[in-house]
Structures are given as structure tokens and as C-alpha cells.
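Residues per chain are reported as follows:
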Amino acid sequence: MKKFLKWMLGIVIALCVLALCVFTTVDRTPYKEMPYYTSMMQQIDSFHVSAEEKKGDSLKAAWSRVALTPASFPHPLAGYGLRKPAVSVKDTTYVRTFVFDNRKTRVAYICLDLLIFPPDLKDQVREQLEKKYALHVFLTATHTHSAPGGWEPKLAGKVLAGSYSEEYVAVLFNAIEKSIAQALPNLQPVEQAYIRISAPEAVHNRLKGPTGPEDPFIRGLKFRNARGEEACLFTFAAHANCLESDIDYISGDYPARISKILEKKGWASFVSYAAGAVGSHGPAFAEVNNGEKEADSMAVVLSEKLAHATITYTAANNLYYHRFPLYLREPHLRLEKNIRIRPWVFRALIGADQPDIQLLQLGETIILGMPCDYSGELMPPLEQLCEKQHMNFMLSGFNGGYIGYITDDACYDWPRGETMDMNWHGPYNAAYLTEVNTAILKKVVHSR
């Protein structure tokens, strides 16, 4: 009996030690008292940009797309977690790339028809292509939940995006490089027009319900070159997850269908959607026929809005790009309200990528690229700051890093997927990132 009790005591002690090694409590220290806040604000304080740095010759642009179709099937799909693979292609997914140049700065704006811009691929693109083509890269994605997976080698990534495929990562890298190489010889002076149209019937606040605030705006830039060719990049806040998780084909969801409709109508020869502030926001139409009808409805409504937008072209010569490493509270992947796994476990499962915020200015429009599902509820103060200085504001997500969802801090302890499971870096990040983005924007808008 004594031996049994000792054996049981040993097991209990071992389990307690293991639990202490794996789990800890949530750190609710106010963010302004944390070292990461001090480091971030010092970085922004030391950042300076002048009007002269932005201004060059007349803005030139070119655009190109390359398909991202896997070489063979079945191929894993990304989004929703474990699911069956794709065996065919419903509509082709692409990398859509703009190259901008004003003889002082050159930037490639690269948008993938994928769930996110994969972190490992981000590193390859920055390390190899920025140097090779003497440019900066602004990275984003459509956040489509029915696009190819196979691009994430870490354990959690395999659950989210399927079995890792070096072959498919090579397909992605080569397609990105090809899109840049195809665009560069076609650089021409362009005029540009800012677009901002409300489409409240196409989006809802899926976190707070009908009474929750929404970001209903399509925001975009349309370009026209000397040959009269037109192209558009735009964002919207509704998740591209109309199609259900049990489909067995690749699709670009509603964003791909918008591009197809507008290009077929001749509104523009090249149309590129990027996920806007999609955190807490979803498409507003009912799912019918595996979500196909919802995707079609979204595409029809939003393409009609864009097709009837007032377009006023103006010349531009401002072009600027910068990246800010983003400092955060240590990882806080929670099991319940006050219990989280320790950072070493998080990094073993998900990785230890260094996220950043991308800044791109095109003419009088500023675009911030965020490493997250950034909530549309947080857009108004940033947009209003820019509007007061007669500038336009856009925001896109999934820039090659991923820190989870950034939603209203009041919802941090709600037992919901966006707030409990997918909020990965602790409390107060809505307030923190609003302060960070405000500080960045103030530096830029005051340097006109």
C-alpha cells in the first residue's frame, strides 16, 4: 500500500510540474507599463520622413498576374482547420502584383489569393526579390478560405493549411517573381483615383451582432495609363469565407468573382482585392448551395458598387514605403479566461516570426499593412486622422506575419473563437495598436 501511495504521489507531483512547465496565467499588466510598449513608441519617435523623400517624378505603374494552381491533385485547402483536400479548380487563384516607381522609390504591391501571406515565404521574397529587383515589397492576401494550402511547415500550420509541400512553396515563390518580372518592362506614367463607397448590405459584425459597429466601405485606388488601360486595387471588410468547409475544390471565393465580373465588363483590365479590416466582420448574405450563392451575391453587389463609382483621376508623384517591426506582449494562447500555454509551447506549435507593420503611400493615399485579422471597428479614428489632413486611408491584413485577431478590448474575455482562441498576444491590443497606428500616421500625414 505504501509503495502504491508513493507511486501515486510521484505521478501527481510529475503532473503538477508538467502543468507548471506548460501552463501559466494571463498577464493583464496595462500595456503602457510593458517594455514592448516603450520599445515600440521609441521606434516610432525616431522615425522621420520628409515631403522630399516621398516626392519623385510622375508615378509610374504596371501590373501582372500569375496563376497559383498546384502542380497536382489532391492538394490541401487552407482555412477552417482539418478538412478534405481539393481535387479540382473552381476558379483560378492568382498572385496579383502592381509595381510602382517614381524614380526615387520602387515598390511591388503583391497580393496572394491565399488565406494569408505565408511567413516563411515572406522571408524568401524579402531576402531574395527585394535585392534582385531593387525594390520594396508590400505584401497582402485575400484571406480566402478556399484557396490552396500546403505552405506552412509548423505543426499548427499543418492543421490550418494541410500537409506541407516544398513543391507548392516553390510554385508560389516562382509565381511572385514572374509577376514582378512581367510588370517591370511595362511601367508607364499613371493617373490615380481614390474610391470610397459604402456597401453596408454586404457586411455584418459577426462578433457583436446586428447592433455592433461595422466598417461598410469599399476603399480602393484605380489607375489609368497613357494607353487608357485601367487597373484597380481595393479592400473590403467582409471575410472571404462564403464557401463552406466541406467543398473539395479551389476557389478565390467572392473576391475572385468580383475581379472576373469587372474585368469582363471592361471597367478595368486588372482588378485586385485584398482583405481589409476583416476582424469581427463577415459576409452578409445567407449561405446557400455550399456558400456558392452567397459568394455570387457578394460579388454582384460589390462589383456593381465599384462599377458605378465616381472616378476622378489626378496625377501623383508621391511614393513611399517603410516597415516597422511590431513589438508585442509575449504569446497568450489561452485555454480559458485566465489560463494560457507558456510562450515556449506556443512557439513550438506556431513559430516565432517577427511581425511588422508595412506603410505604403501612393499619392495622397496611405495604406497600412497589418499582420492580423484587424477589426473594422478600429478603422474610424485612423481614417478620420487622415481625412483631417486631406489624405485617404486604407488598411490590409495578412502581410506575411500573423498575430491573430485584434478586436475590441472589451470583448477580450468573451468565449468566442475570435476573442478567446485566436487573440494570441494578450489583452489591450486594440488600444495598443490604435495608438501605434495613430502615431505612425501622424508622422506621415504631417510630412506633406
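Residues numbered from 1 in each chain as written. Predicted model: local features only at pLDDT ≥ 70, side-chain atom pairs only at ≥ 80, totals over all residues. Heavy atoms only, no water.

Student: Account for the sheet that holds strand 16 (residues 334–336), with residues named and values stated.
Tutor: Read across the open sheet, the three strands follow the order 1-17-16; overall the sheet is antiparallel. Here the strands that pair on one side only, and so sit at the sheet edges, are strand 1 (23–25) and strand 16. Across the sheet, the mean angle from the axis of one strand to that of its neighbour is 35°, orientation sign disregarded. (Pairing = 2+ DSSP bridges. Helix = DSSP H or I, 4+ residues; strand = E, 2+ residues; numbered from the N terminus. Axes fitted to C-alpha atoms, helices over the stretch in contact; angles between N-to-C directions.)

Student: Tell me about the pattern of salt bridges, residues and numbers included.
Tutor: Across all of its chains, the model carries 31 salt bridges by this definition. The salt bridge partner of K208 is E377, with a shortest N-O separation of 2.8 Å. Residue K208 is found in the loop between strand 8 (203–205) and strand 9 (217–225), and its partner E377 is found in the loop between strand 20 (373–374) and helix 10 (379–388); the two are separated by 169 residues along the sequence. Exposure remark for K208: the relative accessible area of 25% places this residue in the partly exposed category. For R257, the salt bridge goes to D296, with nearest N and O atoms at 2.7 Å. Here R257, found in helix 7 (residues 253–265), pairs with D296, found in helix 8 (residues 292–307); they are 39 residues apart in sequence, far enough to count as distant. Overlapping salt bridges bring together D91, R257, E292 and D296 as one network. (Salt bridge = Lys/Arg side-chain N within 4 Å of Asp/Glu carboxyl O. Buried < 20%, exposed > 50% of the residue type's maximum accessible area, 1.4 Å probe, protein only.)

Student: Pulling in residues and values, what's your account of the pairing of strand 4 (residues 94–101)?
Tutor: Along strand 4, seven of the eight residues are buried, which leaves the element largely enclosed by surrounding structure. The pairing of strand 2 (residues 60–67) with strand 4 spans eight bridges and is classified as antiparallel. Residue A67 lies in a different strand from strand 4, and its bridge partner there is Y94.

Student: Talk me through the layout of surface pockets; I want residue IDs and the actual numbers.
Tutor: Taken as a whole, the largest pocket encloses approximately 1,000 Å³ of empty space. In terms of lining, the largest pocket is formed by 45 residues, of which the most central are F346, I350, Y402, I403 and W424. Among the secondary structure elements, those contributing two or more residues to the lining of the largest pocket are helix 4 (119–133), helix 5 (155–161), helix 9 (343–350) and helix 11 (417–421). At four residues, the largest contribution of residues to the lining of the largest pocket is made by helix 5. Residue classes in the lining of the largest pocket are distributed as 22 nonpolar, eleven polar and twelve charged. When its volume is computed, the second largest pocket comes out at roughly 210 Å³. Contributing to the lining of the second largest pocket are R65, K90, D91, T92, Y94, R96, A256, R257, S259, K260, E263 and D296. Among the elements of the structure, strand 4 and helix 7 are those that each provide at least two residues to the lining of the second largest pocket. (1 Å grid on protein atoms, 1.4 Å probe; cavity = no way out; pocket = protein on both sides within 12 Å on 5 of 7 lines; lining within 4 Å. Points joined across faces, edges and corners; volume = space filled by probe spheres on them. Nonpolar A, V, L, I, M, F, W, Y, C, P; charged D, E, K, R; others polar.)

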